[in-house]
Amino acid sequence: MHNLINELVLPFSFPFMQYAFLVLILVSSMTALLSCFLVLKGWSLMGDAISHSVLPGVVIAYVLAIPYVVGAFFAGIVCALATGFLKENSKIKEDTIMGVVFSGMFGLGLLLMTKVDSGVHLDHILYGNVLGVSISDLAETAVITVAVFCFIIFKGKDLLVYIFDAQHAQAIGLPVRFLHYGLLCLLSLAIVGALKAVGMILVIAMLIAPGSIAYLLTQRFSYMIYYAVVISIGSAFSGLYISFYIDSAPAPTIVLLLALCFIIVFSYTSYKQRCLETI
């Protein structure tokens, strides 16, 4: 029994695993919060667009000898602003514009990676390197998480009104433009905060899956946030823990658990709905 307990707690005895668990708790909690708003707003593709667009910012930041997080954040903001500008000044639908913008910026980033000896490992940017998280990375992610939580605490109700009915929000005097771009800035910050842990590609799942699963479970927004955070943290924690024993990459393992959770919840809610219809 003693050996079994030692084996079960073994992952927590390594400092790099402790940092990984902590940073994943921070990342999964803030992405779960934003996931609820993105799912309700229908902005899932926006998260995809911004996450892909940060790559040229990372490379340019290296060339300018500034923290790559700064470059990634501004690249994400440029993508969001460009999407908004093109939507307001053309007849093209927003999803089409996002597809063009993020694929163009992602292509630019790949081109810069081949032309500039950046020293930045492409796999770590794309897929993350949670086992290589340092104290400074942890502190940086903690600051971003606090910023996201503070915005949601102080502006969450206004943001919810804007998401459900932007015209009504404007009519009652809410700062619609501020809420719109504030949400985009939060999204960019969250992606930057998750970049080190899960990478720019896999962060998409953490920005979509928790809110989607929670949306299937409840129609009350307060419960939706609670379910999303619990599911996200639980999947992140379990994925890292399991990956230690099966010797797999943590980020894909986490995403697979989120996908499995979605399938289970979808199957359960569909079965429950069919049973109610037959009564």
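What you see is a predicted model, and the numbers here were worked out from it, not measured in a lab. (Residues numbered from 1 in each chain as written. Predicted model: local features only at pLDDT ≥ 70, side-chain atom pairs only at ≥ 80, totals over all residues. Heavy atoms only, no water.)

1. Some details on helix α5 (residues 94-115)
Part 1 of the reasoning: Taking 1.5 Å per residue, 22 residues should reach 32 Å; α5 reaches 31 Å between its end C-alpha atoms and fits that length.
Part 2 of the reasoning: Those residues of α5 not exposed but buried are Ile97, Met98, Val101, Phe102, Met105, Phe106, Gly109 and Met113. Each buried residue of α5 lies within a common arc of 150° when the element is viewed along its axis, so the set occupies one face. Exposed side chains of α5 directed beyond 90 degrees from the buried face belong to Val100, Thr114 and Lys115. (Helix = DSSP H or I, 4+ residues; strand = E, 2+ residues; numbered from the N terminus. Expected span 1.5 Å × (residues − 1). Buried < 20%, exposed > 50% of the residue type's maximum accessible area, 1.4 Å probe, protein only. Arc of directions from axis to C-beta.)

2. Observations regarding a nonpolar patch on the surface
Part 1 of the reasoning: Judged by side-chain polarity, Leu4, Ile5, Leu8, Val9, Leu10, Phe12, Ile25, Phe237, Ile242, Tyr245 and Ile246 come together as a nonpolar surface patch covering roughly 880 Å² of accessible area.
Part 2 of the reasoning: Sorting the residues of the nonpolar patch by element identifies α1 (2-8) and α10 (221-246) as the ones contributing at least two each.
Part 3 of the reasoning: With four residues, the single largest contributor to the nonpolar patch is α10.
Part 4 of the reasoning: Counting through the fold element by element, leucine 4 comes out in helix α1.
Part 5 of the reasoning: For leucine 4, a relative accessible area of 48% puts it in the partly exposed group. (Patch = residues over 30% accessible without salt bridge, like charges linked within 9 Å, V, L, I, M, F, W, Y side chains within 5 Å. Areas by Shrake-Rupley, 256 points an atom, 1.4 Å probe, with all protein chains shown as cover. Salt bridge = Lys/Arg side-chain N within 4 Å of Asp/Glu carboxyl O.)

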